[in-house]
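Residue-level structure breakdown
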Amino acid sequence: SMEELTSTASELNTRHWKLQQEAGIDIIPTGDFAFYDHMLEAIALLGAAPPRYGPAEGAEIDLETYFAMARGRQDETCDVTAMEMTKWFDTNYHYIVPEFYRGMDFRLASSQPFTAVESARSAGVTNPRPVLIGPVTFLLLGKTVEEGVDLTALLDSALDVYAEVLERFAAMGIEWVQIDEPELVMDLSDEARTLFDRAYNRLVWLDRRPRIMLATYFGGLRDNAELALGLEVDGLHLDLVRAPEQLENVLAGIGETTVLSLGVIDGRNVWRTDLDRALSLLRRAADAVGTERIQVAPSCSLLHCPIDLDREKTLDPEVKEWLAFGKQKLQEVAALTRALNEGESAVAEFFEASRDALERRHSSPRVTNHEVQQRLAAVTDEMTHRATPFPERIKLQQARLKLPPLPATTIGSFPQTREVRRLRADLKKGEITLQEYENTLEEEITRAIRFQEETGIDLLVHGESERGDMVEYFGEQLEGFIFTRFGWVQSYGSRATKPPIIFGDVHRPAPMTVRWSRFAQDNTTRPMKGMLTGPVTMMQWSFVRDDQPHRTTCRQLALAIRDEVLDLEQAGIKVIQIDEPAMREGLPLRRSEWGEYLAWAVRCFRLASSGVEDGTQIHTHMCYSEFNDIIESIAEMDADVISIEASRSRMELLNIFEDFVYPNCIGPGVYDIHSPRVPSSEEIIELLHRAMKFVSVERLWVNPDCGLKTRDWPEVRASLRNMVAAVREVRKEIERSSV
Ligand code: GLN
Ligand code: ZN
């Protein structure tokens, strides 16, 4: 109920304030709690709910409207879909995208920031620091839904609300407010710069306001340093984990009284801090501006890391002592603060223990595997190229696979029914024997195969029912990974992920998927795809080690996947799909670094995939992101076939192929798997016709947008039948037109 929801929220708030107090944190943030995500909180604060959600004029935005924006609403009074959601910078945290229209006006429509301060005070927090998303970041992350929206006018309207909020904070006796402007670490247009100037020129000159701590994170200010330093706020927060080099630059240009909040504890990863290094950064700053102008902080919100390492009772003890989750990071903040104020001897033990743990981490044989490093050093350019160019090898593959034109396939997973999930859980709990597990799984796979054969799918999959999560499944079979029990990180709303931790050199002690792929292939005369998760996605969806460059970790993963690819080939699997849905997510925040990232990411994929014979067909799959601006890199991956999400945008994706000829085969998704809706074959035919305008028939494949694990069998059966019916119809048309 609404009551349970709000009382749980207040319990959580109190618990987390207490946690910080107990750790010895002096300045405690408030208003950083969100029922869904913190951009939606800002939408509510500014009264920026789009009219279709029907908020009463002048009133507060209530929780019902709030959740209608987040999740859509369907009842007697209204039928609205959720607002668009997208990723928060380069995190896996999502936010609801604000919508801006002409003549829009903001108004103060939430009292949440003020009640949070009051609750914190009654919980004994003497020095609360409210956190707000900055007005410029809010505007830059939103989207204009019609022509002619004047951002400057919108900003002015938002500033009226911010001014009111700051004045009220001042009246409540608040000393500092934190305003988050992570857009300051991005490439900024001239317009954006003007908005920053305009916004802070107004806010700093308010008569009554708390001091403003302008927070930047996820990167360095770089070319925006001058802009940020010119805003004349009272304090500036820097991410010195991602960008320690910016400190000197900032020290050189900092105002005479400006306070520096230095983010020296990594809020984005799970490792224990190198306290000596952090302290030397803090000392450097303190020497320059005086200790009283320094605050010690995590690099960004701790919402991006798991909460408490102490809860992990079963974690490998050797690796455990190398880690720090949210609660442990608070202790590190407090220890560094004391070391800075009172000298290191005040926290000698804490420092010593930390040093020892780090030392053990660096020298641990668990981290370093010489064999892996030697293999990596021996990687040749040749290993990242298929032996023969695509036009040649595709002929061999076709001769071998004998697939009809417009081959129909799926992306890999079939519905993860309750029975399938229970089966895996029962095995884990030891409630069934391995033999029982395998027998039941074989039955499940066989059913999936018979269904595909009967339906007329051309290239089959085994259904992935042995996998819960596409990264965890592989990580659990690789060396160099560990898994927490409670290391959940919020993704959005009540959704969370539990990323694996990569702590050491990665390698594959034994084949991972061959047993199931071989069983499946032996069970049908049609070709069966082997299904793997690619190195970039494995890395992107894990906590990655911070003691070597990401590209090195990624190459190790690539070698492990390469081994699996070759074993599958040996086992008679003629088609192998290596999924890389997270390829785009790894893009650096700054455009100037995209090229470098894409070059190594593509190379890692090719290292994983290029060991096979010409006649073995490599597929890849990508979904739910913008592909247009990286399509050339996608082509460079040189997969023989790519399946790519396209149906939700009605194949708009394909517009890029007007200017850019995709060289290999491509299967643009013909139906949206996020909806239980069954697409008609007419609809699919229409999408195929559209696709045929951009992609020649010889290179076109037919498949859904993504895996089907979240769907139920009845709709999957019906949808795939319609998909095959559509394919057959279009094949007839092609035949007719060629005679
Ligand atoms: N092969 C995976 C599946 O079908 C791909 C999932 C994904 O793209 N995220 O579930
Ligand atoms: Zn997908």
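Here is what the cut-offs are and how they apply
- Counting starts from 1 at the beginning of each chain's written sequence and moves along it residue by residue.
- Working convention: letters from A go to chains and numbers from 1 go to ligands, in the order in which they are written.
- Reporting of local features is limited, given that this is a predicted model, to residues whose pLDDT is at least 70; pairs of side-chain atoms are given and counted only at 80 or more, and all residues count toward the totals for whole chains, interfaces and linings.
- Side-chain numbers come from the whole structure's heavy atoms, not from hydrogens or water.
- Each helix is a run of DSSP H or I of at least 4 residues and each strand a run of E of at least 2, with the numbering of both proceeding from the N terminus.
- C-alpha atoms define the radius of gyration, and 2.2 Å times the number of residues to the power 0.38 defines the globule rule.
- In this scheme, a residue with accessible area under 20% of its type's maximum is buried, one over 50% is exposed, and one in between is partly exposed, where area comes from a 1.4 Å probe on protein chains only.
- In this analysis, two residues are considered to be in contact whenever any of their non-hydrogen atoms come within 4.5 Å of each other.
- None of His or the chain ends enter the tally, which takes Lys and Arg as positive and Asp and Glu as negative.
- To locate a charge, take NZ of a lysine, CZ of an arginine, CG of an aspartate or CD of a glutamate.
- Centre distance within 6.5 Å is the pairing criterion for rings of Phe, Tyr and Trp, where only the six-membered ring of Trp is used; planes under 30 degrees apart are then read as stacked, over 60 as edge-to-face, and the remainder as tilted.
- We call a charge positioned over a ring when the NZ of a Lys or the CZ of an Arg lies within 6 Å of the ring centre and within 35 degrees of the ring normal.
- One requirement defines pairing of two strands: DSSP has to find at least two bridges between them.
- In this analysis, axes come from line fits to C-alpha atoms, helices being fitted only over the stretch in contact, and the angle between any two N-to-C directions falls in the range 0 to 180 degrees.
- Here a residue is near a molecule or strand as soon as one of its heavy atoms is found within 4 Å of it.
- Polar contacts here mean pairs of N or O atoms no more than 3.5 Å apart (in protein, one a potential hydrogen donor and the other a potential acceptor; neighbouring residues in sequence count only if both atoms are side-chain atoms).
- Reported accessibility uses the Shrake-Rupley method at a 1.4 Å probe radius. Residues are deemed covered only where the shown protein chains occlude them.
- Here the nonpolar group is Ala, Val, Leu, Ile, Met, Phe, Trp, Tyr, Cys and Pro; Asp, Glu, Lys and Arg are the charged ones; every other residue, Gly included, is treated as polar.
- Helix crossings are classified by the rotation of the near helix relative to the far one: an anticlockwise turn of less than a right angle makes the crossing left-handed, while a clockwise turn makes it right-handed.
- Distances decide who is a donor: an N, O or S atom must be within 2.8 Å of the metal, or within 3.2 Å for Na, K and Ca. Water is not included, so sites may look incomplete.
- Donor angles set the geometry label: tetrahedral for four donors if every angle is between 85 and 135 degrees, square planar for four and octahedral for six if opposite donors exceed 155 degrees and the others are between 65 and 115, irregular for anything else.

**A closer look at the overall build of the protein chain**
Helix and strand counts for the protein chain come out as 25 helices and 22 strands. In summary, the protein chain has a C-alpha radius of gyration of 27 Å against a globular reference of 27 Å for 739 residues, a match within 12%. A principal-axis box enclosing the C-alpha atoms of the protein chain has dimensions of 80 × 60 × 50 Å. For the protein chain, with 739 residues in total, the buried portion stands at 58%. Summarising the internal contacts of the protein chain: among those between residues at least 6 apart in sequence, 78% fall at separations of at least 24. Each charge class in the protein chain was averaged separately, 83 positive and 119 negative side chains, and the resulting centres sit 4 Å apart.

**Digging into the packing of aromatic side chains**
Under the definition given, this model contains 21 aromatic pairs. Arranged with centres 5.4 Å apart and planes meeting at 90 degrees, the rings of Tyr473 and Phe474 form a pair that is edge-to-face. Residue class for Phe474 comes out buried when judged on its relative accessible area of 0%. Aromatic ring contacts, followed pair by pair, group Trp88, Phe89, Tyr95, Tyr217 and Phe218 into a single cluster. In this arrangement the basic side chain of Arg361 is found over the ring face of Trp271, its NZ or CZ atom lying 3.9 Å from the centre. Lying across the ring of Trp594, Arg591 places its NZ or CZ 3.9 Å from the centre.

**Some words on the sheet that holds strand β7 (residues 128–133)**
Spatially, β1-β7-β9-β10-β11-β12-β13 is the arrangement adopted by the 7 strands of the open sheet, whose pairing is parallel. Among the strands making up the open sheet, the edge pair consists of β1 (28–30) and β13 (294–298). Taken over all neighbouring pairs, the strand axes of this sheet differ in orientation by 30 degrees on average, direction set aside. With 3 bridges joining them, β1 and β7 adopt parallel strand pairing.

**Considerations on the site of ligand 1**
As a structural note, the neighbourhood of ligand 1 is formed by Ile411, Gly412, Ser413, Glu464, Met470, Met531, Asp579, Pro581, His621, Cys623, Cys706 and Gly707. Contact distances for ligand 1 include 2.9 Å between a nitrogen atom and a side-chain N or O atom of Glu464. His621 has a polar side-chain atom sitting 3.1 Å from an oxygen atom of ligand 1. Surface burial for ligand 1 is 91%, taken as the share of its 300 Å² of free accessible area covered by protein chains. Each residue belonging to the shell around ligand 1 can be placed in one class, and the counts come to 6 nonpolar, 4 polar and 2 charged.

**Re the packing of helix α1 (residues 2–23) against helix α12 (residues 326–342)**
Two elements in contact, α1 and α12, have axes separated by 9 Å at closest approach and are oriented at 35 degrees. Taken as a pair, α1 and α12 cross one another with a handedness that is right-handed. Contact residues: Leu19, Gln20 and Ala23 in α1; Lys327, Leu330, Gln331 and Ala334 in α12. For the contact of α1 with α12, the class distribution of residues is 4 nonpolar, 2 polar and 1 charged.

**Quick look at the sheet that holds strand β20 (residues 617–622)**
On the basis of which strands lie adjacent, the open sheet formed by 5 strands has the order β18-β19-β20-β21-β22 and parallel pairing. A strand with exactly one partner marks an edge of an open sheet, and here the two such strands are β18 (529–533) and β22 (665–668). Strand-to-strand twist across the sheet, computed as the mean angle between neighbouring axes with direction ignored, equals 20 degrees. Note that strand β21 (residues 641–644) and β22 share 4 bridges and pair parallel. Note on β22: the bridge partner recorded for Val641 is Cys665.

**Structural notes on the coordination of the zinc ion (ligand 2)**
Each protein donor to the zinc ion (ligand 2) is listed here as His621 (NE2), Cys623 (SG) and Cys706 (SG); together their distances run 2.0 to 2.3 Å. Between the 4 donor atoms coordinating the zinc ion (ligand 2), the angles at the centre fall across 94 to 122 degrees, so the site counts as tetrahedral. Between consecutive donors of the zinc ion (ligand 2), the numbers of intervening residues give the motif H-x1-C-x82-C. Taken together, the positions of Cys623 in the loop between β20 and α23 (631–636) and Cys706 in the loop between α24 (681–694) and α25 (713–738) put the pair 83 residues apart, joining distant regions of the chain. Judged on exposure class, the residue Cys623 and its partner Cys706 are both buried.

No statement about biological role is implied by the geometric values presented.
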